[in-house]
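Now for the letters of each chain:
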Amino acid sequence: MPIYEILENGPMHINEIAKNQEKSVQELSGIMTMMEIEGYITRLAQNQYKRKE
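Residues numbered from 1 in each chain as written. Predicted model: local features only at pLDDT ≥ 70, side-chain atom pairs only at ≥ 80, totals over all residues. Heavy atoms only, no water.

Some details on the packing of aromatic side chains
Rule in force here: Classification of ring pairs uses Phe, Tyr and Trp, with its six-membered ring standing for Trp, and accepts pairs whose centres are within 6.5 Å; under 30 degrees between planes counts as stacked, over 60 as edge-to-face, and the remaining range as tilted. Helix numbers and strand numbers start at the N terminus; a helix is a DSSP run of H or I with at least 4 residues, a strand a run of E with at least 2. Here's how the labels work: a residue is buried when its accessible area is under 20% of the maximum for its type, exposed when over 50%, partly exposed in between, all with a 1.4 Å probe on protein chains only.
Going through the model one piece at a time under the given rule, you end up with one aromatic pair. Measuring from ring centre to ring centre gives 6.1 Å for Y4 and Y40, while their planes differ by 75°; the resulting arrangement is edge-to-face. With a gap of 36 residues between them, Y4 in helix α1 (residues 3-6) and Y40 in the loop between α3 (25-37) and β2 (41-43) connect regions that are remote in the sequence. The class of Y40 is partly exposed, set by a relative accessible area of 43%.

Right under this line is the structure:
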């Protein structure tokens, strides 16, 4: 399941996303940063992410 779809149920911590995607947090950080720059997601406090509305 793509990251964007995972976040449809609300904010999620990067560790949970990494576990779901079977990726390391370091690998996922780059992906999440690009998704944030492209306007798909928003980073919240404490490494939580949500879909951009």
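Re the nonpolar core
We count it as follows: Throughout, nonpolar core names a set of buried Ala, Val, Leu, Ile, Met, Phe, Trp, Tyr and Cys residues whose side chains join them through atoms within 4.5 Å. Contact criterion: two residues are considered in contact whenever any of their non-hydrogen atoms come within 4.5 Å of each other.
Ranked by size, the top nonpolar core spans twelve residues in total: I3, I6, L7, M12, I14, I17, A18, L28, M32, M35, I41 and Y49. Secondary structure elements with two or more residues in this core: α1, α2 (14-21) and α3. Apart from residues lying up to four places away in sequence, M12 is in contact with I6, L7, I17, N47, Q48 and Y49.

Some thoughts on unusual backbone geometry
One non-glycine residue, E22, lies in positive phi territory at about 55°. Considering the arrangement of structural elements, one finds E22 in the loop between α2 and α3. Overall, the relative accessible area of 75% leaves E22 in the exposed class. Positive phi, close to 60°, is recorded for N47, a residue that is not glycine. Position of N47 relative to the elements: it lies in the loop between β2 and β3 (48-51). Exposure remark for N47: the relative accessible area of 30% places this residue in the partly exposed category.

So, to be careful, I would describe these as geometric facts and stop short of saying anything about function.
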